[in-house]
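Chain by chain, the residues:
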Protein chains: 2
Amino acid sequence: MAELGQVKVGVLGGTGPQGRGLALRWAKAGISVILGSRSADRAEEAAGELRALAGVEHVSGLDNKATATEADVVLVAVPWEGHADLLQSLKQELANKIVIDCVNPLGFDKQGPFALSVAEGSAAQQAEQALPDSRVTAAFHHVSAVVLADLSIAEVDIDVLVLGDDREATDIVRALADAIPGMRGIYGGRLRNAHQVEALTANLIAVNRRYKAHAGLRITDV
Amino acid sequence: MAELGQVKVGVLGGTGPQGRGLALRWAKAGISVILGSRSADRAEEAAGELRALAGVEHVSGLDNKATATEADVVLVAVPWEGHADLLQSLKQELANKIVIDCVNPLGFDKQGPFALSVAEGSAAQQAEQALPDSRVTAAFHHVSAVVLADLSIAEVDIDVLVLGDDREATDIVRALADAIPGMRGIYGGRLRNAHQVEALTANLIAVNRRYKAHAGLRITDV
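1. So, unusual backbone geometry
Of note, A:D221 is a non-glycine position whose phi angle comes to about 70°, a positive value. Tracing the backbone through its elements, the reader meets A:D221 in the segment after strand 11 (216-220). With a phi close to 70°, B:N96 is a non-glycine residue in the positive phi region. With respect to the helices, strands and loops of the structure, B:N96 is situated in the loop between helix 4 (83-89) and strand 5 (98-101). Classification of B:N96 by relative accessible area gives exposed; the value is 62%.

The structure is reproduced here in structure tokens:
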């Protein structure tokens with residue numbers, strides 16, 4: 001397994017529920033985190049809240065551009081709308097860095113959630129096209145923001161499928177999943193197979209509605 | 001949970017590994033099974049093998065058309081090539097019956113498995129279009145044929161996502177999953193969300209290759 005060492009994780013969209021929840025868990029696990037947001041002030045305000053919640057000092061808040069510049073590994077946790085524009089605007093700052101896309105392009109109508117069709121194939125492949133000089137991976141699609149935010153849940157009962165074509169990059173992302181108690185990072189295939197992992201979130205939302213749950217996946221026999 | 005009662009399950013493609021494996025497990029669970037194949041002789045030969053393996057009498061073999069006629073619930077476990085043609089040819093026989101599609105439209109190249117694009121959206125939706133008078137569901141996509149065939153594995157460690165728009169039909173299909181020791185049937189959303197469940201099989205094959213496993217899914221918090 002890859003060594004995380006002194007890796008600094010940046011979270012684009014770090015004031016949203018998914019990014020904030022993962023940042024909280026990483027901070028508690030001893031990993032330095034930078035929350036990124038459109039507004040540096042809002043980011044620093046959220047960072048202050050996470051420092052208090054996690055009881056640590058190693059959380060800061062910056063605007064998205066500065067976050068991309070300062071971080072070694074960058075989680076993309078922004079809304080699907082604006083995903084392409086944001087990444088294109090950060091192409092230089094994210095060059096040569098490991099990028100983790102966790103975005104789920106979903107629509108909702110009267111019948112519930114459904115997967116949106118994405119021209120590039122998936123959000124992760126859209127990121128790959130926007131960031132040709134970055135090491136793009138896809139992971140953390142199915143983690144419940146509610147569970148992440150609830151620190152009374154000490155162990156997060158979920159496996160994280162980690163996709164990508166760069167072995168070292170997927171190993172580091174798996175290590176970031178393993179760093180959160182209860183969670184495991186499992187290699188889940190090449191980036192071209194990201195669509196179905198993103199889209200499966202629609203099914204997990206259907207499970208949640210039927211069973212009043214915060215459903216996640218475990219991979220058996222691994 | 002739905003009562004299975006004296007339901008008779010037909011398996012189109014019952015001499016293939018997936019159909020045969022599920023038939024074996026259902027037969028052992030006391031459920032009457034008809035193996036369907038293009039050739040009635042091959043179907044009856046395979047049925048004889050399953051009767052011996054399961055130590056039961058309630059397995060028979062017929063051609064696909066007779067199987068569709070005789071069965072109450074029909075599992076479609078045929079290769080993707082020929083899927084549409086076979087179902088269109090059985091439209092009358094399958095009218096008003098519960099149909100379970102477990103077909104995964106996948107391609108393979110040097111980089112491994114990938115999801116095929118399906119005009120109707122998914123194999124299950126193709127079945128729905130071919131069988132407008134049937135109650136089409138989708139389930140059993142991720143069950144390892146190797147595990148099913150190995151009766152030394154008493155408990156099959158997997159959850160089966162059951163998709164469909166007909167509540168009673170999905171309840172009966174869930175009961176068919178629950179009937180196999182270790183397995184659970186979990187409602188997984190409407191049929192329009194079947195594509196990603198089918199396509200996820202590509203990811204599980206990638207997991208299997210990396211970890212030398214027969215990977216399956218469990219749904220947490222349910």
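2. Notes on the confidence of the model for chain A
Here chain A shows a mean pLDDT of 97. Residues at 70 or above account for 99%. Predicted complex metrics record ipTM = 0.96 and pTM = 0.97.

3. Re the pairing of strand 6 (residues 106-109) of chain A
All names here are of chain A. Pairing of strand 6 with strand 7 (residues 112-115) involves four bridges; the strand directions are antiparallel. Bridge pairing links G107 to F114 in strand 7. Hairpin connection from strand 6 to strand 7: two residues lie between these consecutive antiparallel strands.

4. Thoughts on the interface of chain A and chain B
On the side of chain B, 42 residues touch chain A, which itself brings 42 residues to the contact. Here chain A packs against chain B, burying approximately 3400 Å² in sum over the two surfaces, 51% of which is carbon and sulfur. Viewed at the interface, chain B and chain A are joined by two salt bridges. Its salt-bridge partner being B:R192, residue A:D109 comes within 2.8 Å of it at the nearest N-O pair. Scanning the region where chain A abuts chain B turns up 27 residue pairs in polar contact (both at pLDDT 80 or more). When residues of the side of chain A that touches chain B are traced back to their parent elements, those giving at least two are strand 7, strand 9 (159-164), helix 7 (167-178), strand 10 (184-187), helix 8 (194-211) and strand 11 of chain A. With twelve residues, the top contributor of residues to the side of chain A that touches chain B is helix 8 of chain A. For the side of chain A that touches chain B, the residue count by class is 20 nonpolar, twelve polar and ten charged. Where strand 11 of chain A lies against strand 11 (residues 216-220) of chain B, five bridges are found, and the strand directions are antiparallel. The residue bridging A:T220 from the neighbouring strand is B:G216, located in strand 11 of chain B.

5. Looking at the relation of the copies chain A and chain B
Of the transformation placing chain A onto chain B, the axial shift is 0.0 Å and the rotation is 180°, giving an RMSD of 0.0 Å. Here the transformation between the copies is reduced to the relation of a two-fold axis.

6. So, the packing of helix 8 of chain A against helix 8 (residues 194-211) of chain B
Orientation of helix 8 of chain A relative to helix 8 of chain B, taken along the N-to-C sense of each, is 140°, at an axis distance of 9 Å. Comparing the axis directions of helix 8 of chain A and helix 8 of chain B gives the class oblique. Here helix 8 of chain A and helix 8 of chain B pass one another in a crossing that is left-handed. Across the interface between the two elements, A:H195, A:Q196, A:V197, A:A199, A:L200, A:A202 and A:N203 of helix 8 of chain A pack against B:H195, B:Q196, B:V197, B:A199, B:L200, B:A202 and B:N203 of helix 8 of chain B. Here the contact of helix 8 of chain A with helix 8 of chain B is composed, by residue class, of eight nonpolar, six polar and no charged.

7. Details of helix 2 (residues 40-54) of chain B
All names here are of chain B. The end-to-end C-alpha separation of helix 2 is 20 Å, in line with the 21 Å expected for 15 residues at 1.5 Å each. Listed as buried for helix 2 are A43, A46, A47, L50 and A54. Axial view of helix 2: buried residues confined to an arc of 105°, hence all on one face. Of the exposed residues in helix 2, those oriented more than 90 degrees away from the buried face are D41, E45 and A52. For helix 2, the N-terminal capping position is held by S39, with its side-chain oxygen 3.3 Å away from the main-chain nitrogen of D41. Following helix 2 by one or two positions, G55 adopts a phi angle in the positive range, close to 65°.

8. Observations regarding the packing of aromatic side chains
Here the structure, examined in full by the defined rule, presents two aromatic pairs over all chains. Taking 5.4 Å as the distance between ring centres and 90° as the angle between the ring planes, the aromatic pair formed by A:W26 and A:F140 counts as edge-to-face. Of the two residues, A:W26 is situated in helix 1 (residues 17-28) and A:F140 in the loop between strand 8 (135-138) and helix 6 (145-149); the sequence distance between them amounts to 114 residues. The pair A:W26 / A:F140 is uniform in exposure class, with both members buried. The positively charged end of B:R210 is found above the aromatic ring belonging to A:Y187, 3.9 Å away from the centroid.

9. Describing the sheet that holds strand 2 (residues 32-37) of chain A
Residue and element names in this part refer to chain A. Spatially, the eight strands line up as an open sheet ordered 3-2-1-4-5-8-9-10, and their pairing is mixed. Unpaired on one side and paired on the other, strand 3 (59-63) and strand 10 mark the two borders of the sheet. Geometrically, the sheet is characterised by an average inter-axis angle of 25° between neighbouring strands, direction not taken into account. Helix 7 rests against strand 1 (8-12), strand 4 (73-76), strand 5 (98-101), strand 8, strand 9 and strand 10 of the sheet, and its axis sits at about 155° to strand 10.

10. Overview of the pattern of salt bridges
Residue and element names in this part refer to chain A. Applying the stated rule across the entire model yields 24 salt bridges over all chains. Of the charged contacts, one joins K65 and E93 as a salt bridge, the two residues approaching to 3.4 Å between their closest N and O atoms. Of this pair, K65 sits in helix 3 (residues 64-70) while E93 sits in the loop between helix 4 (83-89) and strand 5, and the two are 28 residues apart along the sequence. Given a relative accessible area of 15%, E93 falls into the buried group. Two residues, D157 and R218, come together in a salt bridge whose shortest N-O distance is 2.8 Å. Linking D157 in the loop between helix 6 and strand 9 with R218 in strand 11, this pair joins segments that are 61 residues apart in sequence.

Definitions and limits used
- Residues numbered from 1 in each chain as written.
- Chains lettered and ligands numbered in written order.
- Predicted model: local features only at pLDDT ≥ 70, side-chain atom pairs only at ≥ 80, totals over all residues.
- Heavy atoms only, no water.
- Helix = DSSP H or I, 4+ residues; strand = E, 2+ residues; numbered from the N terminus.
- Buried < 20%, exposed > 50% of the residue type's maximum accessible area, 1.4 Å probe, protein only.
- pLDDT = per-residue confidence, 0-100.
- Pairing = 2+ DSSP bridges.
- Contact = heavy atoms within 4.5 Å.
- Buried area = accessible area lost by both parts, 1.4 Å probe.
- Salt bridge = Lys/Arg side-chain N within 4 Å of Asp/Glu carboxyl O.
- Polar contact = N/O pair within 3.5 Å; in protein donor to acceptor, adjacent residues only side chain to side chain.
- Nonpolar A, V, L, I, M, F, W, Y, C, P; charged D, E, K, R; others polar.
- Least-squares fit on C-alpha atoms with pLDDT ≥ 70 in both.
- Axes fitted to C-alpha atoms, helices over the stretch in contact; angles between N-to-C directions.
- Parallel < 35°, antiparallel > 145°, perpendicular 65-115°, else oblique.
- Left-handed = near helix turned anticlockwise from the far one by under 90°.
- Expected span 1.5 Å × (residues − 1).
- Arc of directions from axis to C-beta.
- Phe/Tyr/Trp six-rings, centres within 6.5 Å; stacked < 30°, edge-to-face > 60°.
- Lys NZ or Arg CZ within 6 Å of the ring centre and 35° of its normal.

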